[in-house]
Amino acid sequence: MENARRVTMEGTKHTIFQIGDGIYGLDVSDVRTVETYTESKKTGQMPANIKGVIKAGEEIIPVYSLRKKFNLQDKEPDVETRLIITRTNNMWLAYEVDKILEVVDIGYERRFETPAIFNTKETSYIKRIIDYKEQLVIIMEHNKILSEQEQAEIMYMIKNVL
């Protein structure tokens, strides 16, 4: 940790969640709501990481598997599985996560810039690293989780299939 430069901005709230053995987070300001898992409906040919769609209010929202993105084995949803609904790249998206741990305020002294080694196209979603209960946690930039190809495929699905 001594190589990471500290970020000197005010503290922010984060939604902290688990996927497999990993712990991740999103800025609370990027999260519309967290919903209990709802079975998604499959509709024809869908992009690789899309599990199906759900209806939330008046919106039809694709469900995106972060497990698939991180090449983790799929698992059956259980009572702790949640959907984090966010407005990503001008479309509604529900990220399926294994478990919500908590919403926590992280002060600037526990936030670190992303090390340069993680500044690649494949890891551009890493917004920052935080110290959460003595563990380093990746805070994700919600607009960079999807690749450009995934964005295009999901937009096509929304406009032409749903």
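Everything here concerns the structure above.
Here goes a summary of the coordinates provided. Every value quoted in this text rests on a predicted model; they were computed, and no experiment measured them. (Residues numbered from 1 in each chain as written. Predicted model: local features only at pLDDT ≥ 70, side-chain atom pairs only at ≥ 80, totals over all residues. Heavy atoms only, no water.)

### Some remarks on the sheet that holds strand β5 (residues 59-65)
An order of β3-β6-β7-β5-β4 is seen for the 5 strands of this open sheet, with the pairing classed as mixed. Two strands bound the open sheet, and with one partner strand each, they are β3 (33-36) and β4 (50-56). Pairs of neighbouring strands in the sheet enclose a mean axial angle of 35°, with direction left out of account. Inspection of the sheet shows β3 paired to strand β6 (residues 82-88) by 4 bridges, in the antiparallel sense. The residue of β6 that forms the bridge with threonine 33 is isoleucine 85. (Pairing = 2+ DSSP bridges. Helix = DSSP H or I, 4+ residues; strand = E, 2+ residues; numbered from the N terminus. Axes fitted to C-alpha atoms, helices over the stretch in contact; angles between N-to-C directions.)

### With respect to the side chain of histidine 14
Relative to the elements of secondary structure, histidine 14 occurs in strand β1 (residues 12-19). Histidine 14 sits in the buried class, given a relative accessible area of 0%. In this structure the side chain of histidine 14 is engaged in a polar contact, spanning 3.1 Å, whose partner is the side chain of arginine 128. What histidine 14 contacts, discounting residues up to four positions off in sequence, is Leu26, Asp27, Val28, Glu102, Val103, Val104, Ile106, Arg128 and Ile139. (Buried < 20%, exposed > 50% of the residue type's maximum accessible area, 1.4 Å probe, protein only. Polar contact = N/O pair within 3.5 Å; in protein donor to acceptor, adjacent residues only side chain to side chain. Contact = heavy atoms within 4.5 Å.)

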